[in-house]
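Working through the structure, step by step
What follows is each chain in one-letter form.
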Amino acid sequence: MKENIISVKELCKNFGKFKAVDRITFDVKRGEIFGFLGANGAGKTTAIRMLCGLSYPTSGSGTVAGFDVMRNGEKIKHHIGYMSQRFSLYDDLTVYENMKLFGGIYGLSKMQVERRSVEILNQLQFKSEINTLVGSLPLGWKQKLAFCVASLHRPEIVFLDEPTGGVDPVTRRQFWEMIYKASSEGTTIFVTTHYMDEAEYCNRVSIMVDGQIKALDSPAELKKQFNASAIDEVFRSLARGAKRGE
Amino acid sequence: MRQDAIEINGISKNYGALKALDGITFNVGRGEVFGLIGPDGAGKSTLFRILVTLIDSDGGSAKVDGMDILNDYHSIRNKIGYMPGKFSLYPDLTVEENINFFAALFHVTLEQNYDLIAPIYKQIEPFKTRRAGKLSGGMKQKLALCCSLIHKPDVLFLDEPTTGVDAVSRSEFWDMLLELQKKGLSILVSTPYMDEASKCNRIALINGGKILDINTPDGIVNNFKEPLYAVSGTNMYGILTATRQEKEVVDCYPFGAAHHIVASENFNPEFLKQTLEERGFKNIELNKTKAGIEDVFIKLMHTQ
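Read on for a plain summary of the structure.

Looking at the overall build of chain A
Scanning chain A for helices and strands turns up nine helices and 10 strands. Relative to a compact globule of 246 residues, whose C-alpha radius of gyration would be 18 Å, chain A shows 18 Å and is just as compact. By principal-axis analysis of the C-alpha atoms, chain A measures approximately 50 × 40 × 40 Å. Burial statistics for chain A: of 246 residues in total, 57% are counted as buried. Expressed as a percentage of contacts within chain A between residues at least 6 apart in sequence, the contacts between residues at least 24 apart total 67%. Carbon and sulfur atoms make up 50% of the accessible area of chain A, which amounts to about 10,900 Å² in all. Averaging the locations of the 33 positively and 28 negatively charged side chains of chain A gives two centres separated by 4 Å.

In C-alpha cells form, the structure reads like this:
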C-alpha cells in the first residue's frame, strides 16, 4: 500500500463569515495523478493555497510531504513545485535565465542547476532555444518548459493549476505525457483543469462544490456511481447544484 | 438576396517575420452561428480585430454586413457588437453605469432594446450597483455580452467568451447564444474548447494563421476516413508507449478515458489486443470508435 503524501482532515478556510473551504478531508497517495475539479468559485484556489503553504487554514489538520499544514507552510514550499496558467515563467528572461532564477530560489547549487537544465533541455529537444526569450515562445512550449522548471528541484509533489488552458490539442497531449512520465517516476501530480477529458487521465478525481468535496473516486467509479458516460456529466450534475457564485 | 453577414477574402496580417494570418477566406451566412476553433496563437484574435475595424490587414479584403472594412469602417461599427477576449469594461463603474455608458455611445437606451438583452441582463440585474471589477468571471462575461448587444447589432463578434470558465457556465453561455441566434443575429465566435464546436452551424479549424478545414461539425468529423480505435486498460501510460511501437499504428494519443489509435488499413485489432495482453497489460478493451473534432484537428496539424 502506497503512503499518503497529502493527508488533510476537516480543513477549513473562512474569510469573515464566508466559508471559502468548508471541512475538506482527503488523502493523495505518492505517485498519484490527482484531479482537483470544481466550478469557478467552488474554493479550489483557496484549498490549493493552503496545501502549498501559502496560507494557513482557519481550522482542521493535515500534512503535505510530511509537514504540518497548520504550522510548517515554509517547509512545505521547499518540497513542492507549482505552476499555473496565469503565471509560470518570466517572459523577459531567457529560457536559461528562468532556470537559473528558479533553481536559485529552490536552493540548488550552480552545478545542480546546470546539470538539471541540460537534462531538461535535452529531454524536450529544446537545447537550441536556451538563449531565447521566454516571451517569444509559443504558449504550448512555455507551458511544457514551465512544468520542467517547476520540477527542477525534484519536488515530491507538483501542483498544476489549469496548466493546459488554450494550448493546442497536440501539445496538450504532450503535456499530459510528461505528467504520466513524472508520475511513473514517483512524483505526485495535483492538477486542476476545465477540460473534462483531462479529468479522465487522472488516477482519482475530486469534485468541489460550494467549498466542499462532493465526490471523490477514480473516473471509472464516479461514472458508475452517477450512471454517466463521461466525467463531464458527473461534473455537471454536481456543479448544477451549486448555491454560490464565484 | 441579402449578402452574407461576413465575407472574408484572402485576409493576411504579418507581425515582422510572423505570419499571424495567411490568406484567410470564408463567409458567415445570415443568422448563422459560425465557430472559429483553434488554440492560443492561431490568429483568432487578430482576425477578429481586423473584422471589427480595430486594425488593418496587410492583404485581402472583407465585408461585414455588406460593408467594406476599409471604406465603410464607420458604418460597420454601428452595426456590430464585439466582445474582446480580455475583459474590457470599466472596472470602477458599476454594472448599471457600464451599460448606460455603452448605450450613450450608440445613442440608445437600455429600455429601447430591452427585449434583446433582458434574458441575459436579468441574471446580473440583482448586482447592478456592484462595480464591474468586483464581479465573478461568469458575471463579467454576461455584462460584457449585454454591453455588446446594447445597440441591437446585426453581427456579433465574440472572441473566446468562454475561456477559463467552468463547464457549467460554458454550457449556459452557449444556451444564451442560441437564443440570440433565434432573434436573427449572425454570430462569429471563437473558442479553444473543441467540445463547443458542436453547438455551431459551421466551424472553421484554424492553426498557425491558416484555415485547416471548414464545414458543419458533422461534416468535419465525417471527413476523418482513417480507421480509428479506442484502447484502454490498467496502466494507461504503459499501454500508450507499447501501442506506439506496433507497426500498423500510425498514431496513438491520449483521448479522455481511452487512447485513440489511428491505424493503417492492415491493422488487426485482435492482434494488438493479444500483443498487449502478452506484454502483461490487464483489462484491455479495444474497440472501433468515431472521430471527434480533436482527432481531426490533430490529424490536420500533423499534415500542416
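Some points on the pattern of salt bridges
One pass over the structure, following the stated rule, counts 29 salt bridges over all chains. The salt bridge involving Arg 172 of chain A is made with Glu 294 of chain B; its shortest N-O contact spans 2.7 Å. Within this pair, whereas Arg 172 of chain A is found in helix α6 (residues 169-184), its partner Glu 294 of chain B is found in helix α10 (residues 293-303), the two belonging to separate chains. When sorted by exposure, Arg 172 of chain A lands in the same class as Glu 294 of chain B, which is buried. Between Asp 58 of chain B and Lys 13 of chain B there is a salt bridge; the shortest N-O distance is 4.0 Å. Remark: Lys 13 of chain B occurs in strand β1 (residues 6-15) and Asp 58 of chain B occurs in the loop between α1 (44-51) and β4 (59-64); sequence separation between them is 45 residues. The exposure class assigned to Lys 13 of chain B is buried, which follows from its relative accessible area of 12%.

Some remarks on the sheet that holds strand β1 (residues 4-15) of chain A
All names here are of chain A. Strand order across the open sheet formed by four strands is β2-β1-β4-β5, with antiparallel pairing between neighbours. Each edge of the open sheet is held by one strand with a lone partner, namely β2 (18-29) and β5 (67-68). As paired elements, β1 and β2 share eight bridges and run antiparallel to each other. Following the sheet pairing, Phe 15 is matched in β2 by Phe 18. Helix-sheet contacts for helix α1 (residues 44-51) involve β1, β2 and β4 (59-64), and the interaxial angle to β1 is about 125 degrees.

A short note on the side chain of Thr 243 of chain B
All names here are of chain B. Along the chain, the position of Thr 243 falls in helix α8 (residues 236-244). Exposure remark for Thr 243: the relative accessible area of 0% places this residue in the buried category. At 2.6 Å, the side chain of Thr 243 forms a polar contact with the backbone oxygen of Ile 239. Once residues within four sequence positions are removed from consideration, Thr 243 is found in contact with Val 249, Cys 252, Ile 261, Leu 272 and Leu 276.

Details of the interface of chain B and chain A
Between chain B and chain A, the residue contacts involve 30 residues of the former and 28 residues of the latter. Both sides of the chain B and chain A interface together cover about 2,400 Å² of buried area, and 62% of this is carbon and sulfur. Summed over the shared surface of chain B and chain A, the result is three salt bridges. Ionic pairing is found between Glu 177 of chain A and Arg 244 of chain B, a salt bridge with its closest N-O pair at 2.5 Å. The tally of links between chain B and chain A comes to nine residue pairs in polar contact (both at pLDDT 80 or more).

Examining the packing of helix α3 (residues 95-105) of chain A against helix α4 (residues 110-123) of chain A
The relative placement of two packed helices is expressed as an angle between their axes plus a distance between the axes. Residue and element names in this part refer to chain A. Following both chains from N to C, one finds α3 and α4 inclined at 135 degrees, their axes separated by 10 Å at the closest point. The angle between α3 and α4 places the two elements in the oblique class. Here the hand of the crossing between α3 and α4 comes out right-handed. Across from Val 95, Tyr 96, Met 99, Lys 100, Gly 103 and Gly 104 in α3, the residues of α4 making contact are Val 113, Glu 114, Ser 117, Ile 120 and Leu 121. Taken together, the residues that form the contact of α3 with α4 break down as six nonpolar, three polar and two charged.

Side note on helix α6 (residues 167-182) of chain B
Residues and elements named next belong to chain B. When the terminal C-alpha atoms of α6 are compared, their 23 Å separation across 16 residues agrees well with the 22 Å that a helix rising 1.5 Å per residue should span. Of all the residues in α6, the buried ones are Ala 167, Val 168, Ser 169, Arg 170, Ser 171, Phe 173, Trp 174, Met 176, Leu 177, Leu 180 and Gln 181. In the stretch just after α6, Gly 184 is the one whose phi turns positive, near 100 degrees.

What about the sheet that holds strand β7 (residues 157-161) of chain A?
Either a parallel or an antiparallel arrangement is found when strands of a sheet pair, and the pairing is made through backbone hydrogen bonds. Residue and element names in this part refer to chain A. Pairing in this open sheet of six strands is mixed, and the strands run β6-β7-β8-β3-β9-β10 from one edge to the other. Unpaired on one side and paired on the other, β6 (80-84) and β10 (212-217) mark the two borders of the sheet. Between one strand axis and the next, the sheet turns by 15 degrees as a mean value, whatever way the strands run. Pairing geometry for strand β3 (residues 33-38) and strand β8 (residues 188-192), over three bridges, is parallel. Within β8, the residue paired with Gly 35 across the bridge is Val 191. Along the sheet face, α1 touches β3, β6, β7, β8 and β9 (204-209) and points at about 140 degrees away from the line of β3. Across the face of the sheet, helix α9 (residues 231-239) comes into contact with β3, β9 and β10 while running at roughly 25 degrees to β9.

About the cut-offs
- Residue numbers restart at each chain and count upward from 1, following the sequence in its written direction.
- Working convention: letters from A go to chains and numbers from 1 go to ligands, in the order in which they are written.
- Confidence filtering applies because this is a predicted model: local features only for residues at pLDDT of at least 70, side-chain atom pairs given and counted only at 80 or more, and all residues used for totals across whole chains, interfaces and linings.
- By convention in this description, side-chain values take in all heavy atoms of the structure and omit both hydrogens and water.
- Under the DSSP-based scheme used, a helix requires at least four consecutive residues in state H or I and a strand at least two consecutive residues in state E, with every element numbered from the N terminus.
- Throughout, the radius of gyration refers to the C-alpha atoms, and the reference size of a globule is 2.2 Å times the residue count to the power 0.38.
- Here the term buried applies to any residue with accessible area under 20% of the maximum for its type, exposed to any over 50%, and partly exposed to those in between, with areas from a 1.4 Å probe on protein chains only.
- For this analysis, residues touch if any pair of their heavy atoms sits within 4.5 Å.
- Throughout, the Shrake-Rupley method with a 1.4 Å probe supplies accessible areas, and for residues the shown protein chains are the sole cover considered.
- A positive count includes Lys and Arg, and a negative count includes Asp and Glu. His and the chain ends are not counted in either.
- Every charge is mapped onto a representative atom, which is NZ of Lys, CZ of Arg, CG of Asp or CD of Glu.
- For this analysis, a salt bridge means a side-chain nitrogen from Lys or Arg found within 4 Å of a carboxyl oxygen belonging to Asp or Glu.
- Two strands pair if DSSP finds at least two bridges between them.
- Note on geometry: axes are lines fitted to C-alpha atoms, helical ones only across the stretch in contact, with angles between N-to-C directions running from 0 to 180 degrees.
- Distance and chemistry together define a polar contact, namely a pair of N or O atoms within 3.5 Å, with one atom able to donate a hydrogen and the other to accept it when in protein, and with adjacent residues in sequence counting only for side-chain atoms on both sides.
- Note on definitions: buried area is the accessible-area loss of two parts on being combined, 1.4 Å probe, summed for both.
- Just so you know how the angles are binned, under 35 degrees is roughly parallel, over 145 roughly antiparallel, 65 to 115 roughly perpendicular, and the rest oblique.
- Helix crossings are classified by the rotation of the near helix relative to the far one: an anticlockwise turn of less than a right angle makes the crossing left-handed, while a clockwise turn makes it right-handed.
- All residues other than Ala, Val, Leu, Ile, Met, Phe, Trp, Tyr, Cys, Pro, Asp, Glu, Lys and Arg, Gly among them, are scored as polar; the first ten of these are nonpolar and the last four charged.
- One less than the residue count of a helix, multiplied by 1.5 Å, gives the span that helix is expected to have.

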